[in-house]
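# Close look at the chain arrangement
This is what each chain is made of:
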Amino acid sequence: MGGPASNVAITGLRVRKNYYSGAQHELFVALANTGRESVTFPLVVTLEGARLSRQQVTLPPQTRRSLIVPFSHRGGGTLEVTAEVGDALAVDNRAWALLPPPRTLQVLLVTQGNLFLEQALRSDPGVELATAVPSLFEGDPRGYDVVVLDGAAPAMLQRGRYVLVNTVAGNT
């Protein structure tokens, strides 16, 4: 009696997308047990109310632990993590993270005809590719997230994101 109350807390939450797969994600969950006894509880992860994961977690007393929860999802939404434990402070038993919806990159490939580079860009489902020959590109990247210049660059490049392949910009 009169001692500190036991408490389990979600102390950190972060989600990241796997670079190599548009649907694969990892959720990083940091937990802490500030009590004097070991605690075992279910940790539940939901996305827009649908359960993605449920696992039993045991935290020894006075311990911090991190977990990685892999999951697959192609859309966006709100992730909720719940430590289903009855303790002194219920407010820190839940945490949320936003999973942004997938975004397609608008890419312009300026080339005389590089089949390998074009096919590499087309193979990425997160890329919408447009092509142009160098004589028609005036250096304006508006409307594109990135411009890939293959073997040619205009004398002046306007502000934007560029990837230069076998060339240098005229205004570097």
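Given the structure is predicted, the values throughout are model-derived calculations rather than measurements.

Every α-helix carries 3.6 residues per turn, so stepping three or four residues along brings you back to the same face. Taken as a whole, helix H1 (residues 115-122) has its buried residues at Leu 117, Glu 118 and Leu 121. One face of H1 carries all of its buried residues, which in axial projection span an arc of 100°. In H1, the exposed residues that point more than 90 degrees away from the buried face are Leu 115 and Phe 116. Close packing links the buried residues of H1 with strand S8 (105-110), strand S9 (127-132), strand S10 (146-150) and strand S11 (162-165).

In this section: the pattern of salt bridges. The final tally for this structure, using the stated rule, is five salt bridges. Among the ionic pairs, Arg 54 bridges to Glu 84, the shortest N-O distance being 3.0 Å. Placement of the pair is Arg 54 in strand S4 (residues 50-59) and Glu 84 in the loop between strand S6 (77-83) and strand S7 (94-99), with a sequence separation of 30 residues. For Arg 122, the salt bridge identified is with Glu 118, shortest N-O distance 3.0 Å. Pair noted here: Arg 122 and Glu 118 are both in helix H1, with a separation of four residues, about one helical turn. Given a relative accessible area of 42%, Arg 122 falls into the partly exposed group.

Rules and cut-offs
- Residues numbered from 1 in each chain as written.
- Predicted model: local features only at pLDDT ≥ 70, side-chain atom pairs only at ≥ 80, totals over all residues.
- Heavy atoms only, no water.
- Buried < 20%, exposed > 50% of the residue type's maximum accessible area, 1.4 Å probe, protein only.
- Helix = DSSP H or I, 4+ residues; strand = E, 2+ residues; numbered from the N terminus.
- Arc of directions from axis to C-beta.
- Contact = heavy atoms within 4.5 Å.
- Salt bridge = Lys/Arg side-chain N within 4 Å of Asp/Glu carboxyl O.

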